[in-house]
Every structure is written in C-alpha cells, then in structure tokens.
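Chain and residue survey
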Amino acid sequence: MDDLIKEQVKCDQVDYPNENEMWSKIIRKQQNRNYKAKKHSYKPRILLSAILFTIVLSSTTVFAKYSTEILDWMRNMNRTGIITSLENGFGQEVNKTAENEVGVLTIHNVVSDQNGTTINFSLDIDHDYPIDYADFEHALLKIDGKEIQMEASAAYNQESDKLVGVLHTDEDIPHNSHVTLQLGGVKEIQLKSIELKDLAHSNKYPEKINIHQDGISQIDFISNDYQKGQYLLDYLIELEEPNNIEHAYLSYTVENETIANSGVTHKRPQPNVIKRSDLLEIQKEAVEKLGVFLSYTDTVSYKPETWNLDFQYNHDLAKKSTFVMDIDEKIELGSQQLQFKELVITPSKVKLYFDKKNIDSNSLVHINYRQLKLRIGDQELYGYFDKDYVSFETQELIKDITDKEIALTLNDAKVSYEAEKQDKVDLTNISDVPQTIKAELNGYPIDITYYANGSDLIVESESKNEQFGGITQNVIYQNGERIFAETRSNDGVLRTHKQVETFKNIKEKDITLNFFLYTVNEDRAKTIILQ
C-alpha cells in the first residue's frame, strides 16, 4: 500500500539554480546591473606532498596579460574561483580565432582542473537589431577522439560590441591534448521587460494580469505572503501558441533599485505554463513600494552556422595544484544515506563527492540541509548539492592545505514527514463562503480554510508556529480512489508556512481531508571532521 501511495504522489520536480544553469546566472547578473543593455571521471590522481603543494601555491604570480575590458566581463560572467585561477596563473591563454560567414569566434583562455573545465570566449557578429544574450544549439569539445558536451551561453558586451561568454563542463582536459571546439546554432535573444502598473501593492494581488505580447498570454497569481522579513510570491506565466519564450519571470525594484530575489522555476505543470516561486528579503514597508516587472527572453534571430577551432592544451599547473583526499564518512538524510568518498580541492572550486543510496524504501522522510559549510583552516566556503557532489566556490587561493583542519557542517534542516492515518480533518458544508477550522498535526497548530470555486475545492493551510514548515500535500479518498490536488502554491521549496491546494471536481459538500506530507524546521546541525 505504501508503494502504491508513493507512485501516485504528485511531487513537483524543481529546477534548482546551479553552475550549469548559465541562463539563470547571466540573467541575475544583468538584473543587478539594472538591465544595462557528467558523472565525475575518476582518473589517476595527483596526490601532493605538503612541501610541493605549498611551493606551487606560494610561488604563482598574478597574470596581468588580459586587458581591463576582458577582465571586466570575465568577472561578470565567471565564478570567483575561475577569476582566482586566471589571476594567479592557473589558466592557459589561447587567444585563437575562427571565422565563418556569420562572424569571428575567439577563445581567450581555458581553466581546466580535476573539478572541471571553463572556457572564456567572445563572438563578433554583425547585427542590425539590439540583442542582450545568445544561446547555442550545440557546444562540443573533441579531445583525442572523445566528445564532451558543454554548457554554453553568452551576454552582449556594449564596450567591445561583442557577445562574450562561458563554456563549462565538469570534465577536465588532459595535459598536452589536442582539442577541437565546435560551437554553433546561435540564438540571438532580447531581454524584454513590461512594468505591471496595474498591480496592487496592498498584499492583495489580482487573480490574473493579461499581457498578450510576444507570445505571453497572462500571469496568474497563486499566493503572496510576508513573514519575518521575507516576501513570498507564487505565480504562473501562461504562454500562447506559437511563442519563442524560454525564460520568463517577475523582477522587482524599490525606488528604481533592482531587488535581488531567490526565485525558483518549477517543472512546467503544462507545456505552455511557467511556474515560479520568488522570495524577497525586504522590509514590510518596502512591499508597498515594490515595482513589479514581467521580464522575459525573446529569440529574435537564429543562425545555424558552426565554428570549429583547434588549440593545444598544455597547461598543467592547476592539475599539479590539486589536493585529493579519500573520505569515508556517512550521513543519513531521512530515508537516504550519503557516503562521502573523495574531497577534491583545486584553485577554481572545491567538490566533495558522494554515493547516495536508499536505506528505507518504506519511508518518505527526507532531510534537506539548506546551509552547507566547509571550513578549511580559517576559511569558510558555502556550497550546495549538485549531482553526485557538494560544490563549494573558492574565494581565494587556499594554501598549506595538508596542515589545516577540514570540517563539513550542515545546518538549517528542513525535514519532510509522512502524516499518520489519524491525521485528518472533516470539511463540512462546503460552499463558496470560506470557512476556517482549527487542526493539529504532530503537535503543531494549523488553520484550515476551505471553500468552493465552481466545481473545485480550495484548501488553504497555515501555521503560526515558525518551526512548522508547512503542509506539502494533502489527499482526499473517494470511492476507493486517492485524489491529490491539481495545483499547489507551495511545494516545500521556499521557506513558507502557507499552502494553497486546488482539488478538481469535488461535488460532495462534506469530505474528509487527510494530511499526507508536511515539513518541520529542525535543529539537526551536524559537523564532520574530514581532516
């Protein structure tokens, strides 16, 4: 029965921002400038002695061969670890070009180590219309007969009048390799913005705002809430057919200053619907002053041509400066267990690799740590889970590693639980008039508000207890069938205590609502000494 329930649970997939989602990174960085226009491969390791490692990291000098213009856009496009690698000589200058009838591709430099490869490039293309970004249909590295897919994207740089971009893969380039880069299928894209002037700012958003521009139909607002310095907004962006929209989201300003938000794009509930949750850390009085904009990318041109560029990679200083250590530590995350097995520290990034396995197939309990911190001596690096490793961004060179204590700390646990059979409430006299009843779940008080919207049943659940993370999912049993909500406002991604669920075609006036999944914010801090 448990297995059957799990198969029918409608859990949204969520696209978390990470280093491979370059679109999200570029868009966020452009916003901050106010709209100015595989699996880890285990190869033979280089284990260094403390003496050699200290000599390599201490003797490198800062390279100053790049122009100020090039360095400026490199800083804007790249992670801090890549910039640190370049400025301290751990990258290789290439400065080679390839030309076709569309324009000129230039590879400026490469940073490659055991934690991955990043290539900085620019593309000089003539265009008679304004562009903000470019995406690419294919980006491929060919190394001695092996093909590696790369993530690729670029932004328009006004000073150089070029597209400048970054290519990335988690794989490294072996020393003394002949490399061929293939880059092609250019989509030239404009970032557009529409001010939503008719949006009310009194914590009462309209149900929808009609857009009907560039293939965008409307915005449907699901919920908005303010709690302890955090403003949360959930919404859907509906698209028309046809459209060229790949990315659309709301952006925010206060007194013409862009406000950063930790937005999350969910799996699309329908092919032409973008589902978003935004979290803004602002003062409550600033909510009344929010300027809200619909921002989206519109593909204005596509060029199918391909550039092919060969270069020799023979720079292995970063590889010689790689610190690798075997790890044998376990940590349980509810029904799952992580087996940490290897720590790899390079000038560009730190990765802690793990194997994941299920240790209790009958449990839906899951622990999500929202703060991951790696301390190396006095330096503290903050990271996130990605694929089969925890990734930490370096801020500066880490020296004398073998003499330092290395510790991993996990904080701010959000624990997902499965409710018990007795966890349920009766909803009576269902009508279009909202009714609120008091309930309790695992000792936490909950307010349940329910009402009919046509043939649909709307259920809002909220707790005033800050430790309670909210109900993720409820279920209704009817005629031997389990009915889950068609839509949910909060899928447990952002920190909120409120959930709004819509159950389709509920005709009965009296039903039993069964709590199914819920989350609790718990103090489960863990520290593991790795060295």
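Residues numbered from 1 in each chain as written. Predicted model: local features only at pLDDT ≥ 70, side-chain atom pairs only at ≥ 80, totals over all residues. Heavy atoms only, no water.

**A few points about the overall build of the protein**
Along its length, the protein carries seven helices and 34 strands. Counting only residues that meet the buried cut, the protein has 56% of its 531 residues in that class. For the protein, the accessible surface area stands at approximately 24,400 Å², while carbon and sulfur atoms represent 45% of it. (Helix = DSSP H or I, 4+ residues; strand = E, 2+ residues; numbered from the N terminus. Buried < 20%, exposed > 50% of the residue type's maximum accessible area, 1.4 Å probe, protein only. Areas by Shrake-Rupley, 256 points an atom, 1.4 Å probe, with all protein chains shown as cover.)

**Describing unusual backbone geometry**
Residue Pro242 is bonded to the preceding Glu241 through a cis peptide linkage, with omega at -5°. In this fold, Pro242 is placed in the loop between strand E12 (230-239) and strand E13 (245-254). In this model, Asp144 sits at a positive phi of 50°, which is unusual for a non-glycine residue. Structurally, Asp144 can be placed in the loop between strand E5 (133-143) and strand E6 (146-149). For Asn505, which is not a glycine, the phi torsion comes out positive at approximately 55°. Along the chain, the position of Asn505 falls in the loop between strand E32 (498-503) and strand E33 (511-522). What makes Asn505 exposed here is its relative accessible area of 52%.

**Observations concerning the packing of aromatic side chains**
Inspection of every chain in the model, using the stated rule, returns nine aromatic pairs. Judged by centre distance (6.1 Å) and plane angle (90°), the ring pair of Phe340 and Phe354 falls under edge-to-face. Residue Phe340 is located in strand E19 (residues 336-345), and its partner Phe354 is located in strand E20 (residues 349-358); the two are separated by 14 residues in the primary sequence. Accessibility assignment for this pair places Phe340 and Phe354 in one class, buried. Ring geometry for Tyr444 versus Phe468: centroids 5.3 Å apart, planes at 40°, classification tilted. (Phe/Tyr/Trp six-rings, centres within 6.5 Å; stacked < 30°, edge-to-face > 60°.)

**Observations concerning the pairing of strand E17 (residues 290-313)**
When strand E9 (residues 177-195) meets E17, the two strands line up antiparallel, connected through 18 bridges. In the strand pairing of E17, Leu181 is matched with Leu309. Relative to E17, E13 runs antiparallel, the two sharing eight bridges. Considered in E17, the bridge of Ile245 is made with Asp298. (Pairing = 2+ DSSP bridges.)

**A short note on the environment of Leu364**
Along the polypeptide, Leu364 turns up in the loop between E20 and strand E21 (366-376). Judged by its relative accessible area of 23%, Leu364 is partly exposed. Through-space distance from the C-alpha of Leu364 to that of Gln336 is 9.7 Å; in sequence the pair is 28 residues apart.

**Some points on the nonpolar core**
Ranked by size, the top nonpolar core spans 55 residues in total, and within it Phe340, Ile406, Leu427 and Leu457 carry the most contacts. Sort the elements by how many residues they give to this core and strand E24 (residues 406-418) lands first, with six residues. (Core = buried A, V, L, I, M, F, W, Y, C linked by side-chain atoms within 4.5 Å.)

**Thoughts on helix H5 (residues 80-87)**
Taken across its eight residues, H5 has six buried, putting it largely inside the fold. Positive phi appears at Gly89, one or two residues downstream of H5, with a value of about 85°.

**A closer look at the pairing of strand E25 (residues 424-427)**
Here E25 shows a clear split, with Val425 and Leu427 buried on one side and none of Lys424 and Asp426 buried on the other. Sheet topology note: the E25/E33 ladder contains four bridges and is antiparallel. In the strand pairing of E33, Val425 is matched with Leu513.

**Focus on the sheet that holds E32**
Consider a sheet: its strands pair through backbone hydrogen bonds, and that pairing is either parallel or antiparallel. Taken in spatial order, the five strands make up an open sheet running E26-E27-E28-E32-E31, and their pairing is antiparallel. Either end of the sheet is taken by a strand with one partner, and the two such strands are strand E26 (435-441) and strand E31 (487-488). Examined bridge by bridge, E31 and E32 share two bridges and lie antiparallel to one another. Opposite Thr487, over in E32, you have Thr502 as the bridge partner.

**Some words on the environment of Ser85**
Looking at the element boundaries, Ser85 is found in helix H5. In this view, Ser85 contacts Phe90, Gly91, Val111, Pro347 and Ser348; residues no more than four positions away in its chain are not counted. (Contact = heavy atoms within 4.5 Å.)

**Here's the deal with the confidence of the model for the protein**
Predicted confidence across the protein gives a mean pLDDT of 82, with 84% of residues reaching 70 or more. Note that pLDDT drops below 50 for residues 1-64; the model gives that stretch 155 contacts with residues more than four away or on any other chain. (pLDDT = per-residue confidence, 0-100.)

**Describing the pattern of salt bridges**
As enumerated under the stated definition, the model contains 20 salt bridges in all. Here Lys142 ties to Glu147 by a salt bridge, and the two come within 3.9 Å at their closest N and O atoms. Between Glu171 and Lys146 there is a salt bridge, with the nearest N and O atoms lying 2.7 Å from each other. One end of the pair, Glu171, is in the loop between strand E8 (162-169) and E9; the other, Lys146, is in strand E6, and 25 residues separate them in sequence. (Salt bridge = Lys/Arg side-chain N within 4 Å of Asp/Glu carboxyl O.)

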